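# Overview (structure and organization)
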Amino acid sequence: QLQFVESGGGLVEPGGSLRLSCAASGFTWNLDYYAIGWFRQAPGKEREGVLCISSSGGDRTYTDSVKGRFTISRDNAKTTVYLQMNSLKPDDTAIYYCALAGWSTCPGSTADAWHYWGQGTQVTVSS
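Just so it is clear, the structure is predicted and the values come from calculations on it, not from any experiment.

### Details of unusual backbone geometry
Located in the positive-phi region is N30, a residue other than glycine, with phi close to 65°. Residue classification places N30 among the partly exposed residues on the basis of a relative accessible area of 41%. Phi at Y116 is positive, roughly 55°, even though this residue is not glycine. With respect to the helices, strands and loops of the structure, Y116 is situated in the loop between β10 (114-115) and β11 (121-125). Residue classification places Y116 among the partly exposed positions, given a relative accessible area of 38%.

### Details of the pairing of strand β8 (residues 80-85)
Of all six residues in β8, five are buried; the element is thus mostly enclosed. In the sheet, strand β7 (residues 70-74) pairs with β8 via five bridges, with the strands oriented antiparallel. Bridged to S73 within β8 is Y82.

### Considerations on the packing of aromatic side chains
Using the criterion set out here, one finds five aromatic pairs in the structure. Both rings, one in F39 and one in Y62, keep their centres 6.4 Å apart while their planes meet at 20°; by these two values the pair is stacked. Taken together, the residues span a long stretch of sequence, with F39 in strand β4 (residues 36-41) and Y62 in the loop between β6 (59-61) and β7 at a distance of 23 residues. Taking the relative accessible area as the measure of exposure, F39 reaches 1% and is therefore buried. Its relative accessible area of 16% is what places Y62 among the buried residues. Judged by centre distance (6.5 Å) and plane angle (85°), the ring pair of Y62 and W114 falls under edge-to-face. Residue Y62 is found in the loop between β6 and β7, and its partner W114 is found in strand β10; the two are separated by 52 residues along the sequence. Like Y62, the residue W114 is buried in the burial classification. These aromatic residues form a ring-pair network of at least three members: F39, Y62, W114 and W117.

Rules of the game
Residues numbered from 1 in each chain as written. Predicted model: local features only at pLDDT ≥ 70, side-chain atom pairs only at ≥ 80, totals over all residues. Heavy atoms only, no water. Buried < 20%, exposed > 50% of the residue type's maximum accessible area, 1.4 Å probe, protein only. Helix = DSSP H or I, 4+ residues; strand = E, 2+ residues; numbered from the N terminus. Pairing = 2+ DSSP bridges. Phe/Tyr/Trp six-rings, centres within 6.5 Å; stacked < 30°, edge-to-face > 60°.

If you want it as structure tokens, here you go:
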């Protein structure tokens, strides 16, 4: 059964950078057919979409506040998705999750089309 594991989170000062990884394991057959998205949830807040990458490598931004600062990418085997986060702000503090879309292209972040949620990795931006 497919499973995602997020890693790479930690404590960073404002303006710093982190690179998160979303690694797939288990039944990864034909995984490259599907889009994968990054989400985040701050304490007491609702989960929000961040970025998504399609099976062809195209990306979609769900949160305007990360434009120009965050970049999503996928490895050659398409079993690992990365989130490069630059110029981090305190408002970026959240648990970051990845999930599988039910399509090859990126659906809406709130669509009922996301599956196999990981356990998340904590990102804390503080001085």
